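What follows is the residue order along each chain.
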Amino acid sequence: MSKKNLTLAERHALKRLDKVEQNQQKAYEKKPEPFPWKTLIMGACFVIILILFLIQIFIK
């Protein structure tokens with residue numbers, strides 16, 4: 001069946017299929033991760049608690 005005999009819906013479907021096949025052939029692109037605010041805050045809390053703990057041990 002030639003492309004001239006296809007209906008508008010069929011042509012559109014083939015165009016979408018071509019686009020999907022092109023996307024499948026592309027290499028996977030990893031999305032950049034946002035800045036790890038939760039990890040930074042948890043690390044800061046840990047350091048503060050550790051410092052307070054050490055101060056309490058050495059200063060009696």
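Here the residue index of a chain counts from 1 through its sequence in written order. Two thresholds apply to this predicted model, a pLDDT of at least 70 for residue-level local features and 80 or more for giving and counting side-chain atom pairs, whereas whole-chain, interface and lining totals are computed over all residues. Values reported for side chains reflect all heavy atoms of the structure, with hydrogen atoms and water molecules removed beforehand.

J.: What is the right way to look at the overall build of the protein in this model?
T.: Numbering of helices and strands runs from the N terminus, with a helix taken as a DSSP run of H or I at least four residues long and a strand as a DSSP run of E at least two residues long. Along the protein, the regular secondary structure elements total two helices and zero strands. Taken against the 2.2 N^0.38 rule, which gives 10 Å for 60 residues, the C-alpha radius of gyration of the protein at 29 Å runs more than 25% over that of a compact globule. Judged by the C-alpha coordinates and their principal axes, the protein covers about 90 × 20 × 10 Å. For the protein, buried positions account for 2% of its 60 residues. Here, Shrake-Rupley sampling with a 1.4 Å probe gives the accessible areas, and only protein chains in the shown set may cover a residue. As presented, the protein carries roughly 6600 Å² of accessible surface, and 67% of it is formed by carbon and sulfur atoms. If the 11 positive side-chain charges of the protein are averaged to one point and the 5 negative ones to another, these points end up 7 Å apart. We take the radius of gyration over the C-alpha atoms and set the globule estimate at 2.2 Å times the residue count to the 0.38 power. Relative accessibility under 20% of the residue-type maximum defines a buried residue, over 50% an exposed one, and the middle range a partly exposed one, all with a 1.4 Å probe and only protein chains included. Within this scheme the basic residues Lys and Arg register as positive and the acidic residues Asp and Glu register as negative, but His and the chain ends are omitted. Working definition for charges: the position is that of NZ of Lys, CZ of Arg, CG of Asp or CD of Glu.

J.: Help me out: how do you make sense of the environment of V47 in this one?
T.: With respect to the helices and strands, the residue V47 is situated in helix α2 (residues 37-58). A relative accessible area of 44% means that V47 is categorised as partly exposed. For the pair V47 and F58, spaced 11 residues apart in the sequence, the C-alpha separation amounts to 17 Å.

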